[in-house]
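Spelled out from the first residue to the last, the chains are:
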Amino acid sequence: MTTEAVLAVPAPTWWRRPGLDVVDGSLSVNGADLEALAREHGTPLFVYDLARPAENLRALQDALSRTGLRHTVRFALKASPDPAILAVVRGLGAPGSATAVGIDACSPGEVLHALANGWEPAEISHTGTNVSERDLDVLLAHPVRINLDAVSQLERVGRRAPGRTVGIRVNPGAGAGYTEHLAYAGERPTKFGITADRLEDAIDAARRHSLVVDTMHFHAGSGWLGDQLAGFEQALVNATSFLDRLLAAGCPIREVNVGGGLGRIARDDEAPVDLDAYAAVVARHLAPYDVTAAFEPGDFVMKDAGLLLGEVVTVEDRAGTRFVGLDVGWNVSCSYFIYRYAQEVLPVRDPLHDRTQRVTIAGHINEAGDLFAEDYPLAEVAEGDIVAILNQGGYDQAMSMTHCLRPLAGAVHLERGTGA
Ligand SMILES: Cc1ncc(COP(=O)(O)O)c(C=O)c1O
C-alpha cells in the first residue's frame, strides 16, 4: 500500500437505519448532530441510541415467537452494565411477563448489579467459569439460576448446598465465532463446560449431592454471522446428545440454554444473521424435547446501539503508510485490539462521501497495536475533524480502563425522535 494510490470507493451503507442516518449532510443519532455533541461533551464520547437495544431484543423475541418454540431471553449484562441501558431492557416487560427480558450474569458482581437494577432472582441466570468459594458465598445467598461448568463446581456446590437445583454447562466440542479466538468450543479443548468424557462424572456428582439438574447450557462462541449458522447448528446438535444422556440419567431438564454469540456485521459484504433461520434451527432441534429454550445475547443487542466519537489529531505519512491518529485508545475501544472485530470509521461530516485513500487508523495509547483499522479506505480527513467508530455499543465501554492514565470516555444516551 502506498499513500499515492487514489481511490474512489463508495462509502459503506450497511449501517443506515432509523436512528442512525445522515441528516443535513452529517451523521446523526436520533436526530442529534454528532459534531455538536463531540464539541459539547469532548472526545472520546460514546453515543447510545436508547431505542436500539429494545428493537434488537424485540426482533429476537418476535422471531422466536414465530416458531412457536417455548423460549426466554436474558440479556448478557457483561455487554453493557450501564444503568441507562439496563433501564431500557427492564422496561421491556414486568417480571414474569411474556415480553420480560432476564439477565445472564457471569460473576457475583453482575448478579448483584442485576438485583440492584430491578431484576428478581428468578430472572437471573449465572454461568461463570473458575468460580471460587468466595463467588459461591454470594451466588448461593440468592435464589438465582446457576449453571455449573466443571465437575469440581458440582462437587463444591453439592457440598455447600445439597439438594439445590442447578444447571450444567456442557462443552459441545463444536463452536462458531467471529474469529477462531471467539469460538468457545471446538476440537481444541477450551476452558468452558463439561466435556463429553466427563458427563458421567458430572451426573454422578450431582446424584451424590442430590442436586437437581434442570438446565443444560452451552455457548458456541461470540460474534458469529449469517455464514456461521451451520457452526452453531453443529454445536446444538452435539449438545442434544448431552441432553439425551442427562435425560436418560433421570435429570429433569426443563431448560436448554443455547447461550449468546449472535454477531453484528461491520462491512457491506458481511452476512447478517437471519433471525428466523436461527430461531428455526433451535426450534427444529429442540422440538422433540419438552423444554424451554433460553437465549442470552449480549453483543447482538448492544453492538449497533452505540458509536464512539473521536477527534482526528494527526494525519501523517510514514514510510508509505498514512496514519490517521485519533484521541481515542484501545483502553476505551478494544474491539479490534482484543477481538479483531472489523471496525467501520466514518467522518461525521459527509459520511457518504467516496473514500479516496487507504489509511491506518491509530489511537493515543503508547502501544504499536493500538489501532482501529489497517489498510482501510477512508474519505479525506483533516486534523480537528470528528469521526465516528461504529458498532461500539457492546463491551467497549464496559471493558474500558485507564491504561496510560488515559481517562474513560464520556457517554450520552439519546431517545429516539427527540435528538436529546
Ligand atoms: C455464557 C455466555 N453467555 C452469553 C454470552 C454473550 O455473548 P455475546 O455477547 O457474544 O452474545 C457470553 C459471552 O462471552 C457467554 O460467555
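So, a few notes on the structure that sits alongside this text. The shown structure was predicted, so the numbers you read here are calculated from the model rather than taken from an experiment.

1. Brief notes about the site of the ligand
Not every one of the 16 residues close to the ligand is listed here, only the nearest: Ala 76, Ser 222, Gly 260, Gly 298 and Asp 299. Along the lines of polarity and charge, the residues of the shell around the ligand split into 5 nonpolar, 8 polar and 3 charged.

2. Digging into the pairing of strand E1 (residues 20-23)
Where E1 and strand E2 (residues 26-29) come together, 4 bridges link them in antiparallel fashion. From the neighbouring strand, Val 22 faces E2, where its bridge partner is Leu 27. The turn linking E1 back onto E2 is made up of 2 residues, and Asp 24 within it adopts a positive phi angle of 50 degrees.

3. Remarks on the pairing of strand E6 (residues 102-105)
Neither face of E6 is left uncovered, since the one carrying Gly 102 and Asp 104 and the one carrying Ile 103 and Ala 105 both have all their residues buried. Bridging between strand E5 (residues 71-76) and E6 involves 3 bridges; their strand directions are parallel. Residue pairing across strands places Phe 75 opposite Ile 103, the latter belonging to E6. Handedness of the crossover is the feature at issue here: the chain leaves E5, passes through helix H3 (residues 83-90), returns alongside E6, and the resulting connection is right-handed. For the segment spanning E6, helix H4 (residues 108-116) and strand E7 (residues 124-127), crossover handedness is right-handed.

4. Side note on the environment of Lys 78
Along the chain, the position of Lys 78 falls in the loop between E5 and H3. Linking Lys 78 and Asn 238, residues 160 residues apart in sequence, is a C-alpha distance of 26 Å. With sequence-adjacent residues up to four places away left out, Lys 78 is seen in contact with Cys 106, Glu 110, Gly 298 and Ala 398.

5. What to know about the sheet that holds E7
The parallel closed barrel is built from 8 strands, whose spatial order is E5-E6-E7-E8-E9-E10-E11-E12. Each strand axis lies, on average, 30 degrees off the axis of its neighbour in the sheet, ignoring direction. With 2 bridges connecting them, strand E8 (residues 145-148) and strand E9 (residues 165-169) associate as parallel partners. Along E9, the bridge assignment pairs Asn 147 with Gly 167.

Definitions and cut-offs
- Residues numbered from 1 in each chain as written.
- Predicted model: local features only at pLDDT ≥ 70, side-chain atom pairs only at ≥ 80, totals over all residues.
- Near = placed C-beta within 6 Å.
- Nonpolar A, V, L, I, M, F, W, Y, C, P; charged D, E, K, R; others polar.
- Pairing = 2+ DSSP bridges.
- Helix = DSSP H or I, 4+ residues; strand = E, 2+ residues; numbered from the N terminus.
- Buried ≥ 20, exposed ≤ 12 C-beta atoms within 10 Å, placed from the backbone.
- Right-handed = clockwise from strand over helix to strand, strands pointing away.
- Contact = placed C-beta atoms within 7 Å.
- Axes fitted to C-alpha atoms, helices over the stretch in contact; angles between N-to-C directions.

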